[in-house]
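Report on the structure
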Amino acid sequence: MRFFASFLFVLIVGCSVFSQDRTADLVILNGNVLTMDEKRPRAEAIAVTGNIISAVGTNAEIRAVVGETTKVIDAKGGTVMPGFNDAHVHFMAIGNTFSSMDIKDVDTPEKLVERIKYYVRFLPKGRWILGSGGSEALWKADAAVLAKALDESAPDNPVFLYNTDPASALANAVAMKKGGVKRAEGGIVGDGALERVRFAVPRDHTSRWAEIAETATNYAASFGITSVQDVHSDDMAEAYRELERAGKLKTRVYDCISLSDAVAKKLSPPKNDPASMVRTGCVKGTHEGDDESTPKLLADVIAADKAGWQVAVHAIGTRTSYEVLDVFEATIRENGPRDRRFKLEHAEGISANDQKRAGKMNIIASIQPYLFGGGAGFGSGYYLGLQNAGMKLAYGSDAPMTAFDPMLTMQAADQTSGISVYDIIRGYTVGSAYAEFAEKNKGTISSGKLADIVILSEKVSEEKANVGNGAKVIVTIVNGKIVYGY
Ligand SMILES: [Zn+2]
């Protein structure tokens, strides 16, 4: 027995030495690492092996796992934290905001170049850049300068932009070629040439989901957003998986389907690997406060909850929230206790009594402080009140209803009395991970978790709301891969 024990000891020690010997694939050094892990809140450096965070420690500790093939990122004192997880987005709609371009205010070729290049940053190659609203001054610009602006700013994307009067348009060389127009460079088109280019535009431009999802994921990566919870209920998981198979998905997506659809079709939630890029398992309903719809909502929530779905319901306002909490309470009574994590989308205007009731039921408040002006409409310290009442806070944007950039929410800390930058980062990482049953896999920078990481240019203090001092996203890492920057 003793021999066996010491044999086992050698085996264990041997293994740990072996794993320490292994060099990491990627390390981040010189960081102000906000781990959001209570066991080790601060660190200087991180090692990543495969898609997993393999070590968190001091610069010296992490340097020890740097080998010849290790990619080394110097954070230069910037903040390193878990990637943002936006708990409420309409992801395809975000991608679709790039499906048209407003050029009303574009009056010079320089401004046109700037506008087109911004779109090109996020669009997949080949996707059309369509738009309208040109100013007279732009149309009068020097033809050679205009041609250069159109062709050099988008060498891989066809550009086709209508004038205010749609009898003329701007097209670049790529668009001319697609339309079979025999012109070597871009410029103003009218009559026959305009018609030919127009016919080359895909009719399903705004429903080419693979391209739209790719745009959305590129855009998310630029903001350090590594996960989104898509509450648009349009069942797009397959489109996201297709993008993943093509190696282009840069965002983890938790895709919610419609509550009433799931119930009508008697669907059951699929079993997902919690570490996968695309997961499903939630249904989303809406309550606008009309009494006639409450019995149907109750029946649907009971049925979906019984089938094992996570249920999210949109509710804004005191009375509506009260009614949805009644539905949640009745469902718990009917189906019995389980770890169900009901999600109240927006959670604006919940009364003090209902906040306590929601806290007891472990309801998630899916909040969007930037959209709702820091919760100021319901008195100062509203979000802190939700937190103190025991509700679990998950942060998000509701983009494209509002800006997708989580830094704007961080800046809203100034106006949102009661909420610190620490609370916001925690809500946007740990809180959102909990809201999608993924807290074991992501949300903190800890050994063994998925390597979803963002590096910001500035040192962010958790105590002070100094995020407005120009902190920018330098690097975004998803699943161990650099998807933005560097
Ligand atoms: Zn929404």
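This structure is a prediction, so every number in the text was calculated from the model and none was measured. (Residues numbered from 1 in each chain as written. Predicted model: local features only at pLDDT ≥ 70, side-chain atom pairs only at ≥ 80, totals over all residues.)

Section: the domain arrangement of the protein
Taken as a whole, the protein is organised into domain 1 (97–206) and domain 2 (208–442). Between the C-alpha centres of domain 1 and domain 2 the distance comes to 38 Å. Tallying the contact residues gives nine residues for domain 1 and seven residues for domain 2. Of the residues belonging to the side of domain 1 that touches domain 2, the class tally is five nonpolar, two polar and two charged. (Domains from an automatic or database assignment. Contact = placed C-beta atoms within 7 Å. Nonpolar A, V, L, I, M, F, W, Y, C, P; charged D, E, K, R; others polar.)

Remarks on the sheet that holds strand β8 (residues 84–89)
Adjacent strands of a sheet form backbone hydrogen bonds with each other and so pair up, either parallel or antiparallel. Here we have eight strands laid out as an open sheet, ordered β8-β14-β15-β16-β17-β18-β19-β20, and parallel in their pairing. This sheet does not close on itself; its edge strands, each paired only once, are β8 and β20 (392–395). Pairwise comparison of adjacent strand axes, ignoring direction, gives a mean angle of 30° for this sheet. Sheet topology note: the β8/strand β14 (residues 225–233) ladder contains four bridges and is parallel. By the bridge assignment, D86 is partnered in β14 with V228. Relative to strand β16 (residues 278–286), helix α10 (residues 237–245) is tilted by about 155°, and along the sheet it contacts β15 (252–258) and β16. (Pairing = 2+ DSSP bridges. Helix = DSSP H or I, 4+ residues; strand = E, 2+ residues; numbered from the N terminus. Axes fitted to C-alpha atoms, helices over the stretch in contact; angles between N-to-C directions.)

Thoughts on the environment of K472
Take K472: it is sitting in the loop between β21 (453–456) and β22 (473–478). We classify K472 as partly exposed; it has 14 C-beta atoms within 10 Å. Taking the C-alpha atoms as reference points, K472 and V430, 42 residues apart in sequence, are found 21 Å from one another. Not counting residues within four places of it along the chain, the set of residues in contact with K472 comprises L456 and S457. (Buried ≥ 20, exposed ≤ 12 C-beta atoms within 10 Å, placed from the backbone.)

Observations regarding unusual backbone geometry
The peptide bond linking A399 to P400 adopts the cis configuration, its omega dihedral lying at 5°. Phi angles above zero are rare outside glycine, and N30 is one such case at about 55°. Among the structural elements, N30 can be located in the loop between β1 (26–29) and β2 (32–34). We note that S233 has phi near 60°; this positive angle belongs to a residue other than glycine. Relative to the assigned elements, S233 resides in strand β14.

Some words on helix α4 (residues 109–122)
The end-to-end C-alpha separation of α4 is 21 Å, in line with the 20 Å expected for 14 residues at 1.5 Å each. Taken together, the buried positions of α4 are L112, R115, I116, Y119 and F122. In a view along the axis of α4, the buried residues occupy a sector of 125°, so they form one face of it. The outward face of α4, more than 90 degrees from its buried face, is lined by the exposed residues E110, K117 and R121. Summarising the contacts, the buried residues of α4 are in contact with β9 (101–102), β10 (129–134), α5 (136–139), α6 (143–153), β11 (159–163) and α9 (209–222). (Expected span 1.5 Å × (residues − 1). Arc of directions from axis to C-beta.)

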